[in-house]
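Architecture at a glance
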Amino acid sequence: VKMVPATMMTRVLGATCMLAMLVLLVTRAVPSGKRVQSSMRIQTRTFSQQPLKKVQLCAPRNSVLPQPQKSSRSQPLRAAIFGDGGAWQRQNPDEYPEQVENPLDKLPDPQRDSVEVAGNTWSYLRTANGDKSKGTIVFTHGILSAGYSFKDTLKLLEKEGYDAIAVDWLGCGESSKPDKNSFDFSPEAYVQGLKGFLPAVGVDKPVFLVTQGYYLGQIGVLFAAENKDMVEKLVILNTPLGKSSKLPDPLGSYTGLLKGFAFGKKVDAGMYHAGGGPYAFNYTDYRILQAPYKERDEARLSFEAMMENMDFNALVQRVSSAYTSFRKPALIAWGTDDRYLDLNTVIEWTQDKPTATKLFALPATIGHFPQFDFPQQIVETITRFVEGKDWTAPSDVQGKGPEGGGGPDL
């Protein structure tokens, strides 16, 4: 029997290990098929929906939580996106994916405007004919997103007569992408920036602040906690608050020992939105959210500067500590089908927070981006809270949920 030389065996084992590592990296980079369609030209498909997470039957203080129940085996999906948004289009350059009709497209679009603050341009959407005497609702988005994510929310609020603003944070959307030498992308810089933005757009009294998402959404909460005189009421949509919260991909790739491999590569903001909930993502929305990162390097560099300045665990702790003194009315409205954040992390977070803060599990099937998944219910919840009405009352809007019935009963 011929003996294999030890050096050859060492090489074989080394090559096998390298191949295994490569397969692992590729597998992590590919989104789950249960979240997003990758290359199909149909509007709906069937898949097994994750059941609602089990929550304790005795709701904690200040909380209204869903009752556990069986979930539907099939779920209608919104129009598909296709892989990186480019592969399908390269094969079909003169066509666009089929789209599910959105009835909100028939409503007037909010107006796009901008203002100069401390040498930077802040872009924002605003309702055209809102009644400012009712107060102003200000929406702030999370990292890799934009004020555009609230466009349908603003359409509905304009129909209700509200003055509402959805701002693009610096480094995002159509706002300036400053060099990190002139703007350090830290929580302090963003808080100061928002303080300058509000009076610049004519907001001279406390606002109803709505915030959502990672990092920049957390800074929205921090702004409210540190500037109580500028906030009348606060609404928090799916935002990492609890210490058990984790960074999802691609954000997690920019931390840890291997973060050097992530910097300098293409950022896929569209896929980040698509991966956060139970629905396939609208292709038009995908293209608009991805456009800043596809067309120029400034948006990618701004995102990387945010990640360089993000100490996630320290920010979670800082927000939690600052919030303990926030006594204004606040509502945490949570989509329980969030693929990035567990409901239990926010339940735990609320335990030692002021009694004026309430937790409400949204009754429909809603993921990490409630403003995309079900803007009608978001507007209903926000306006009820702003107007001092019972936001836990049965919903008046057609819901998404098990068997199309509007989600779990409260």
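Residues numbered from 1 in each chain as written. Predicted model: local features only at pLDDT ≥ 70, side-chain atom pairs only at ≥ 80, totals over all residues. Heavy atoms only, no water.

1. Topic: the nonpolar core
Core analysis: the biggest nonpolar cluster contains 78 residues, and Ile-143, Tyr-190, Phe-197, Tyr-215, Leu-234 and Phe-303 have the highest contact counts within it. With 7 residues, the single largest contributor to this core is helix 5 (residues 216-226). With near-sequence residues (within four places) excluded, Ile-143 lies in contact with Tyr-214, Tyr-215, Leu-216, Leu-251, Tyr-272, Phe-303, Met-306, Met-307 and Met-310. Ranked by size, the runner-up nonpolar core spans 28 residues in total, among them Ala-166, Val-235, Ala-333 and Ala-364. (Core = buried A, V, L, I, M, F, W, Y, C linked by side-chain atoms within 4.5 Å. Buried < 20%, exposed > 50% of the residue type's maximum accessible area, 1.4 Å probe, protein only. Helix = DSSP H or I, 4+ residues; strand = E, 2+ residues; numbered from the N terminus. Contact = heavy atoms within 4.5 Å.)

2. Digging into the confidence of the model for the chain
Counting all residues, the mean pLDDT for the chain is 81, and 73% of those residues have values of 70 or more. Between residues 67-93, whose pLDDT stays under 50, and residues either more than four places distant or in other chains, the model counts 91 contacts. For the stretch residues 401-410, pLDDT sits under 50, and the model shows 34 contacts to residues farther than four places along the chain or on other chains. (pLDDT = per-residue confidence, 0-100.)

3. Topic: the packing of aromatic side chains
For the structure shown, the criterion picks out 18 aromatic pairs. A centroid spacing of 5.4 Å and a plane angle of 15° characterise the contact between Tyr-272 and Tyr-340, whose relative ring orientation is stacked. Separated by 68 residues along the polypeptide, Tyr-272 in helix 6 (residues 269-274) and Tyr-340 in the loop between strand 8 (330-334) and helix 10 (343-350) bring together distant segments of the chain. Tyr-340 matches Tyr-272 in its accessibility class, with the two residues each being buried. By the ring-pair criterion, three or more aromatic residues cluster together here, those being Trp-122, Tyr-124, Trp-169, Phe-183, Phe-185, Tyr-190 and Phe-197. Over the ring of Tyr-162 we find Lys-134, and its NZ or CZ is 4.0 Å from the ring centre. The ring of Trp-349 carries the charged tip of Lys-353 above its face, separated from the ring centre by 4.5 Å. (Phe/Tyr/Trp six-rings, centres within 6.5 Å; stacked < 30°, edge-to-face > 60°. Lys NZ or Arg CZ within 6 Å of the ring centre and 35° of its normal.)

4. Overview of the environment of Ser-395
The topology assignment puts Ser-395 in the segment after helix 12 (375-386). Taking C-alpha positions, Ser-395 is 9.4 Å from Ala-364, a pair spaced 31 residues apart along the chain. Aside from chain neighbours lying at most four places away, what touches Ser-395 is Gln-377, Glu-380 and Arg-384. A polar side-chain atom of Ser-395 sits 2.8 Å from a polar atom in the side chain of Glu-380. In this structure the side chain of Ser-395 is engaged in a polar contact, spanning 3.2 Å, whose partner is the backbone nitrogen of Val-397. (Polar contact = N/O pair within 3.5 Å; in protein donor to acceptor, adjacent residues only side chain to side chain.)

5. Examining the pairing of strand 3 (residues 120-126)
The buried fraction of strand 3 is high, at 6 of 7 residues. Bridge analysis of strand 2 (residues 111-117) against strand 3 gives 7 bridges, and the strand direction is antiparallel. What sits directly across from Ser-114, in strand 3, is Ser-123. Between strand 2 and strand 3, which pair antiparallel in sequence order, lie 2 residues; one of them, Ala-118, sits at a positive phi of approximately 50°. Note that strand 3 and strand 5 (residues 162-167) share 3 bridges and pair antiparallel. From the neighbouring strand, Leu-125 faces strand 5, where its bridge partner is Ala-166. (Pairing = 2+ DSSP bridges.)

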